[in-house]
Amino acid sequence: MPKTLAWHETLEIHELVASQTICLIQCKSSLNNVTDDRLRELYTFSVQALEKNIRDLLQFYPQAPREEEMLEDEERQTGTGFQAGELLSASKSAVRNYAIAITETATPALRNVLIRHLNSAIDWHARVFNYMHEHGMYQAYNLSQLLNNDVRNANRALQMREEE
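Every value quoted in this text rests on a predicted model; they were computed, and no experiment measured them.

*Asks:* Let's hear about the side chain of lysine 28: which residues, and what values?
*Replies:* In this fold, lysine 28 is placed in helix H1 (residues 7-30). At 3.2 Å, the side chain of lysine 28 forms a polar contact with the backbone oxygen of leucine 158.

*Asks:* Break down the packing of H1 against helix H2 (residues 37-58) for me, citing the residues and quoting the values.
*Replies:* Where H1 meets H2, the closest approach of the two axes is 9 Å, and the angle between their N-to-C directions is 150°. In terms of their interaxial angle, H1 and H2 are classed as roughly antiparallel. As H1 packs across H2, the resulting crossing turns out to be left-handed. Packed against H1, whose contacting residues are Ile13, Leu16, Val17, Gln20, Thr21, Cys23, Leu24, Cys27, Lys28 and Ser30, the element H2 presents Tyr43, Ser46, Val47, Leu50, Glu51, Asn53, Ile54, Leu57 and Leu58 at the interface.

*Asks:* Residues and numbers for the nonpolar core, please.
*Replies:* Grouped together as the largest cluster of nonpolar side chains are 14 residues, with contacts concentrated most on Ile13, Val17, Leu24, Ile54 and Leu58. Broken down by secondary-structure element, the contributors of at least two residues to this core are H1, H2 and helix H5 (144-159). Take this core: its biggest share by element is five residues, from H2. Those residues in contact with leucine 24, other than ones at most four positions away along the chain, are Val47, Leu50, Glu51, Ile54, Ala157 and Leu158.

*Asks:* Run through the state of the cysteines, naming residues and quoting values.
*Replies:* In the structure shown here, the tally under the stated rule is zero disulfides. Between cysteine 23, a free cysteine, and cysteine 27, which holds the nearest cysteine sulfur, the sulfur-to-sulfur gap is 4.2 Å. On the basis of relative accessible area, cysteine 23 is assigned to the partly exposed category, the value being 30%. Owing to a relative accessible area of 11%, cysteine 27 belongs among the buried residues under this scheme.

So, how was this worked out
- Residues numbered from 1 in each chain as written.
- Predicted model: local features only at pLDDT ≥ 70, side-chain atom pairs only at ≥ 80, totals over all residues.
- Heavy atoms only, no water.
- Helix = DSSP H or I, 4+ residues; strand = E, 2+ residues; numbered from the N terminus.
- Polar contact = N/O pair within 3.5 Å; in protein donor to acceptor, adjacent residues only side chain to side chain.
- Axes fitted to C-alpha atoms, helices over the stretch in contact; angles between N-to-C directions.
- Parallel < 35°, antiparallel > 145°, perpendicular 65-115°, else oblique.
- Left-handed = near helix turned anticlockwise from the far one by under 90°.
- Contact = heavy atoms within 4.5 Å.
- Core = buried A, V, L, I, M, F, W, Y, C linked by side-chain atoms within 4.5 Å.
- Buried < 20%, exposed > 50% of the residue type's maximum accessible area, 1.4 Å probe, protein only.
- Disulfide = S-S within 2.5 Å.

Laid out in structure tokens, this is it:
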């Protein structure tokens, strides 16, 4: 395995950190205006969960690809690479679709089935990714400036105090 993250997973981490940073800022800004005790507990729980998520994800930023590691004029894969890419795209969509469906499910038995399917989709994605990676079909690129901005904004949100 390479020492850097791949392009797409780096972008996904960027999206997660950026969106959760915004949510963390909103939660911290609103927390002291929440008067219902149970809702305030949910806000506090949310702040703690978001802070943990952001800290966990920021640990991967040093593994993001850097400009000096880019390969110039990379050739586009065709044939087998295209077919593997179709599977990767389908498996990624399955993971996202099941994750979204779980958040809309109130029936415990259905939730359990969807969770089982989500885990299967995650395994499917991992198998396809590993195949593509082993065969040089999954490339990484430089995202230094974007990621540095994420780190700066996320650290600001993590250090931010709840509005009084």
